[in-house]
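The chain contents come next:
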Amino acid sequence: MSQAKRVVIKIGSALLVDQAGLRTAWLQALAEDVAWLRGQGTDVVLVSSGSIALGRRILKLASGDLALEQSQAAAAVGQIRLAQGYQEMLAPHGVTTAQVLMTLDDTANRRRYLNSRATLETLLGLGVVPIVNENDTVATDEIRFGDNDRLAASIAVTIGADQLVLLSDVDGLYSANPKTDPSAQHFPIVPHITPEIEAMAGDPISGVSKGGMKTKLLAAKVAVAGGCAMAIADGFVQHPLKALEEGARTSWFLPEGDPRTARKRWISGMKPQGQIHVDQGAVQALARGKSLLPAGVIRVSGQFGRGEPVTVIAPDGQIVAKGLTRYTSEEARAIAGHQSQEIAEILTYPGRAALIHRDDMVSLT
């Protein structure tokens, strides 16, 4: 794990919450692991379950299935206590935390996806450890189906993480439920997710968590397709991340390429919605791996929204790149040929310096 540049760690409810409430000793050990990773220069994002499980204990709600409004009330109470717990445990290590409430819709809707990505990238750039919670106070699907595993995978792909670790109550993928079948085979490496692998998925049995192996395999599909390796690991041990570093029993799903390559492949396959015509200076800057700034834009063709794919065209008519624009076509026309520091005055609101960031662009020359 110390070799990873960016890691997303999903923490299951059963790890954080027991019958007495928040498992503070375990959370303290996890905080030490996170501080260790940050000390290695690794960006860390935590995707945390547990708000409903914790909130129902604080509210003394009966065991068993909760009505939707009870689940949402429990989430509202539990979220604030979870955030407080993470802050209290990480602050002594000099780690600043931030709470980010998201749902799967935030990664599916293009505009919200871009906003979420920009926020997370900014927080990581400032050295912050974001604590991402599913917004269970309003998101009914997450409450019903426990898609926190897939949410974590979507976030991992969104921010270009090279590792996703699902800390759970099981130490990997087995051919059958190891708690009911002692002969179940453990798979330390999963090169490909085959129909046979998918057939081995079972249901959660902890009584606290909502997700099972099915959601973890769905998460693995998303992660590996985005170039991110994924591990299913036992989180009940003290210092679970250091245990992984030291070779603890787990299941690793191998990525299909690296995150940057996967993202570039995804962008290159998209249908352009417009064209950005640039001068020769911009062409030379792009060839050096730079972002496209408004100053180098000659004119804008077509109609497109923020986050949609466009082609970049050189003065001789050659398509030199394809990328995801950070501005709509109307905004791009307004700022074309202007310096980045003029954007706020032209648009009457702060904008981003680059029209197309280099991370969102594929060179075609």
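Here the residue numbering is sequential within each chain, running from 1 through the sequence in written order. Whole-chain, interface and lining totals are the exception, using all residues; otherwise, since this is a predicted model, local features are given only for residues with pLDDT of at least 70 and side-chain atom pairs are given and counted only at 80 or more. Processing note: side-chain calculations cover all non-hydrogen atoms of the structure and skip hydrogens and water entirely.

For clarity, the threshold we go by: UniProt positions are given in the numbering used here, feature names are shortened, and annotations may be inferred rather than shown by experiment.
Looking at an unreviewed UniProt entry, one finds the chain named Glutamate 5-kinase, with Thioclava kandeliae as its source organism. Under the Function (unreviewed entry) heading, UniProt states for the chain: "Catalyzes the transfer of a phosphate group to glutamate to form L-glutamate 5-phosphate."

**Describing the side chain of His277**
Keep this limit in mind: Under the DSSP-based scheme used, a helix requires at least four consecutive residues in state H or I and a strand at least two consecutive residues in state E, with every element numbered from the N terminus. For every residue, the accessible area (1.4 Å probe, protein chains only) is compared with the maximum for its type, and the residue is labelled buried under 20%, exposed over 50%, or partly exposed between those bounds. Polar contacts, as used here, are pairs of N or O atoms within 3.5 Å; protein pairs need one atom able to donate a hydrogen and one able to accept it. Residues neighboring in sequence count only if both atoms are side-chain atoms. Should any heavy atoms of two residues lie within 4.5 Å, those residues are considered in contact.
Its location among the elements puts His277 in strand β13 (residues 274-278). Exposure remark for His277: the relative accessible area of 14% places this residue in the buried category. Within the structure, His277 has its side chain in polar contact with the side chain of Ser301 (distance 3.2 Å). With residues up to four places along the chain from it excluded, the contact list for His277 reads Gly296, Val297, Ile298, Arg299, Ser301 and Ile313.

**Re the pattern of salt bridges**
Test applied: We define a salt bridge as a contact between a side-chain nitrogen of Lys or Arg and a carboxyl oxygen of Asp or Glu at a distance within 4 Å.
The tally for this structure, following the rule as stated, stands at seven salt bridges. Note that Asp171 is salt-bridged to Arg249, the shortest N-O span being 3.5 Å. Residue Asp171 is located in the loop between β7 (163-168) and β8 (173-174), and its partner Arg249 is located in the loop between α11 (240-245) and β12 (250-253); the two are separated by 78 residues in the primary sequence. Here Glu198 ties to Lys221 by a salt bridge, and the two come within 2.9 Å at their closest N and O atoms. Of this pair, Glu198 sits in helix α9 (residues 195-199) while Lys221 sits in helix α10 (residues 213-225); the two residues are 23 residues apart in sequence, bridging distant segments of the chain. Glu198 sits in the partly exposed class, given a relative accessible area of 34%. With relative accessibility at 35%, the residue Lys221 sits in the partly exposed group. A single network of salt bridges, built from pairs that share partners, joins Arg6, Asp43 and Glu121.

**What to know about the packing of helix α8 (residues 148-158) against α10**
Going by this rule: For every element, the axis is a line fit to its C-alpha atoms; helices are fit only across the contacting stretch, and the angle between N-to-C directions ranges from 0 to 180 degrees. Between 65 and 115 degrees an angle is taken as roughly perpendicular, under 35 as roughly parallel, over 145 as roughly antiparallel, and anywhere else as oblique. In the scheme used here, Gly and all other residues not listed as nonpolar or charged are polar, with Ala, Val, Leu, Ile, Met, Phe, Trp, Tyr, Cys and Pro taken as nonpolar and Asp, Glu, Lys and Arg as charged.
Look at α8 against α10: their axes get within 8 Å of each other, and the N-to-C directions meet at 10°. Taken together, α8 and α10 sit at an angle that is classed as roughly parallel. The residues of α10 that touch α8, namely those facing Asp149, Arg150, Ala153, Ser154 and Val157, are Thr215, Lys216, Leu218, Ala219, Val222 and Ala223. Class assignment of the residues belonging to the contact of α8 with α10 gives a composition of six nonpolar, two polar and three charged.

**Let's talk about the UniProt feature "domain: PUA" (unreviewed entry) in the chain**
Under the UniProt annotation, the feature "domain: PUA" (unreviewed entry) is placed at residues 274-356. Taken end to end, residues 274-356 comprises 24% helix and 27% strand; its first and last C-alpha atoms sit 13 Å apart.

**Brief notes about the environment of Leu61**
Relative to the helices and strands, Leu61 is located in the loop between α3 (51-58) and α4 (68-90). With relative accessibility at 26%, the residue Leu61 sits in the partly exposed group. Taking the C-alpha atoms as reference, Leu61 lies 8.6 Å from Ala74; in sequence the two are 13 residues apart. Apart from the residues lying within four places of it in its own chain, the contact partners of Leu61 are Arg56, Leu66, Gln70 and Ala74.

**Considering the packing of helix α2 (residues 24-39) against α4**
Stated formally: Handedness of each helix crossing follows the sense of rotation of the near helix against the far helix: counterclockwise by less than a right angle gives left-handed, clockwise gives right-handed.
With their axes 9 Å apart at the nearest point, α2 and α4 run at an angle of 55° to one another. The orientation of α2 relative to α4 falls into the category oblique. By crossing handedness, the relation of α2 to α4 is classed as right-handed. In contact with Thr24, Leu27, Gln28, Leu30, Ala31 and Val34 of α2, α4 contributes Gly85, Tyr86, Met89 and Leu90. For the contact of α2 with α4, a count of residues per class yields seven nonpolar, three polar and no charged.

**So, the UniProt feature "binding site: ATP" (unreviewed entry) in the chain**
Under the local residue numbering, the UniProt record ascribes the feature "binding site: ATP" (unreviewed entry) to Lys10, Ser168 and Asp169. These annotated residues cover 160 residues of sequence, and their C-alpha atoms all fall within 12.0 Å of one another, placing them together at a single site. According to the relative accessible area criterion, Ser168 is buried, its value standing at 8%. What Ser168 contacts, discounting residues up to four positions off in sequence, is Leu15, Lys216, Ala233, Asp234, Gly235 and Phe236. A distance of 3.1 Å separates the side chain of Ser168 from the side chain of Asp169, its partner in a polar contact. As for its position among the elements, Asp169 is in the loop between β7 and β8.

**Topic: the pairing of strand β15 (residues 309-313)**
Operational definition: Pairing between strands is defined by DSSP: at least two bridges between them are needed.
Counting buried positions over the five residues of β15 gives five, a clear majority of the element. Side-chain alternation along β15 places Pro309, Thr311 and Ile313 on one buried face and Val310 and Val312 on a second face that is also buried. Across five bridges, the pairing between β15 and strand β16 (residues 319-324) is antiparallel. Along β16, the bridge assignment pairs Ile313 with Ile319.

**Section: the nonpolar core**
The test is simple: The set of buried Ala, Val, Leu, Ile, Met, Phe, Trp, Tyr and Cys residues whose side-chain atoms join them within 4.5 Å is what this entry labels a nonpolar core.
Val8, Val132, Ile155, Ile159, Leu164, Met230 and Phe253 are the most contacted members of the largest nonpolar core, which has 38 residues in total. Breaking this core down by element, the ones donating at least two residues are β4 (43-48), β5 (97-102), α6 (110-125), α8, β7, β8, α10 and β11 (229-234). At six residues, the largest contribution of residues to this core is made by α10. Within the second largest apolar cluster, 36 residues are counted, among which are Leu16, Ala35, Leu54 and Ala233.

**Digging into the sheet that holds β13**
As summarised here, the arrangement of the five strands in space is β14-β13-β15-β16-β17, forming an open sheet in which the pairing is mixed. The open sheet has two edge strands, β14 (297-302) and β17 (361-363), and neither has a second partner. Adjacent strand axes in the sheet meet at a mean angle of 20°, parallel and antiparallel pairs treated alike. Strands β16 and β17 of the sheet are contacted by helix α12 (residues 259-268), whose axis makes an angle of about 105° with β16.

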